[in-house]
Amino acid sequence: NEAKSCLTATAKRGDTRFIATVIGAPDSKTRNAEMSKLLNDGFAKYATVKLVDKSVETDPVRVENGKTEYVRTAPACDFHHFAEKTANREITQTVEYYTVHAPVQAGDVVGKITLTDASGAVVGEVNIIATESAAKSGYGDIVNDFIGNW
């Protein structure tokens with residue numbers, strides 16, 4: 001009875017989820033009205049935006065000493081950014097690929113995406129991974145390539 005009417009609730013719209021708690025409301029009607037106000041204010045003022053989609057391939061990466069010259073790549077995961085709707089949402093993506101030497105296994109990290117806001121502050125990083133494997137060239141492969149290019 002001392003705590004009065006309390007409630008913790010969660011709500012999701014699109015990619016944005018809020019968790020809210022009301023403590024000490026005098027009755028359930030007031031508690032529910034306060035909960036509704038908290039969640040509605042949150043959704044009105046804030047949003048989540050997907051900035052990196054792991055299903056979208058990134059540029060192929062050259063493989064040094066590989067049986068194949070390039071491997072396909074993609075982000076290792078999605079990246080979502082949560083911010084006020086009125087905030088400057090100018091986010092810059094910088095892609096960096098590493099020098100990759102064979103052998104390469106699918107899932108190996110081959111680069112990264114760095115996300116920065118308008119002030120230059122890093123808001124996140126996502127690894128770029130190989131989505132396919134590339135074996136290392138052997139002596140026979142080198143000789144065959146040489147003869148084939150002659």
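Because the structure is a prediction, the values reported are computed rather than measured.

Draft legend 1. Structural context of the overall build of the chain. In terms of helices and strands, the chain carries two helices and 10 strands. Going from the N terminus to the C terminus, the chain shows its helices and strands as β-β-α-β-β-β-β-β-β-β-β-α. By the compact-globule yardstick of 15 Å for 150 residues, the chain is too spread out, its C-alpha radius of gyration being 25 Å. Overall, the chain is about 85 × 35 × 20 Å in size when its C-alpha atoms are taken along their principal axes.

Draft legend 2. Main features of the environment of Lys-45. Summarising the element assignment, Lys-45 is placed in helix 1 (residues 28-45). Placed 59 residues apart in sequence, Lys-45 and Val-104 show a C-alpha to C-alpha distance of 45 Å. Those residues in contact with Lys-45 that lie beyond four places of it in its chain are Ala-83, Glu-84 and Lys-85.

Draft legend 3. Geometry of the packing of aromatic side chains. The full count for this structure, using the stated rule, is four aromatic pairs. Centre to centre, the rings of Phe-18 and Phe-82 are 5.8 Å apart; their planes meet at 70 degrees, and the pair counts as edge-to-face. Pair noted here: Phe-18 is in strand 2 (residues 16-25) and Phe-82 is in strand 6 (residues 79-84), with a separation of 64 residues, a long-range link. Residue class for Phe-18 comes out buried when judged on its relative accessible area of 15%. Take Phe-82: its relative accessible area is 43%, and that puts it in the partly exposed class. On the basis of an interplanar angle of 10 degrees and a centroid distance of 5.4 Å, the ring pair of Tyr-46 and Phe-82 is categorised as stacked.

Draft legend 4. Region of the structure containing the nonpolar core. Core analysis: the largest hydrophobic core is formed by 16 residues, its most contacted members being Val-52, Val-63, Val-71, Val-100, Val-104, Val-110 and Leu-115. Going through the elements one at a time, strand 4 (58-64), strand 9 (109-116) and strand 10 (122-130) are the ones with two or more residues in this core. Setting aside residues up to four positions removed in sequence, Val-100 forms contacts with Val-61, Arg-62, Val-63, Glu-64 and Val-110. Formed by seven residues, the second largest nonpolar core is a distinct cluster that contains Phe-18, Ala-25, Leu-39 and Phe-43.

Draft legend 5. Local environment of the sheet that holds strand 7 (residues 92-97). Pairing in this open sheet of six strands is mixed, and the strands run 7-9-10-5-4-8 from one edge to the other. Edge positions in the sheet fall to strand 7 and strand 8 (100-101), since each of these pairs with one other strand and no more. Of the strand pairs in this sheet, strand 5 (residues 70-75) and strand 10 are connected by three bridges, and their pairing is antiparallel. Bridging from a neighbouring strand, Pro-75 pairs with Ile-128 of strand 10.

Draft legend 6. Looking closely at unusual backbone geometry. Of note, the amide linkage connecting Ala-102 to Pro-103 takes the cis form, showing an omega dihedral of 0 degrees. Positionally, Pro-103 belongs in the loop between strand 8 and strand 9. Unlike most non-glycine residues, Lys-4 shows phi in positive territory, near 65 degrees. Relative to the assigned elements, Lys-4 resides in the segment before strand 1 (5-13). For Asn-65, which is not glycine, the phi torsion reads 60 degrees and is therefore positive. Positionally, Asn-65 belongs in the loop between strand 4 and strand 5.

Calculation notes
Residues numbered from 1 in each chain as written. Predicted model: local features only at pLDDT ≥ 70, side-chain atom pairs only at ≥ 80, totals over all residues. Heavy atoms only, no water. Helix = DSSP H or I, 4+ residues; strand = E, 2+ residues; numbered from the N terminus. Rg over C-alpha atoms; globule rule 2.2 N^0.38 Å. Contact = heavy atoms within 4.5 Å. Phe/Tyr/Trp six-rings, centres within 6.5 Å; stacked < 30°, edge-to-face > 60°. Buried < 20%, exposed > 50% of the residue type's maximum accessible area, 1.4 Å probe, protein only. Core = buried A, V, L, I, M, F, W, Y, C linked by side-chain atoms within 4.5 Å. Pairing = 2+ DSSP bridges.

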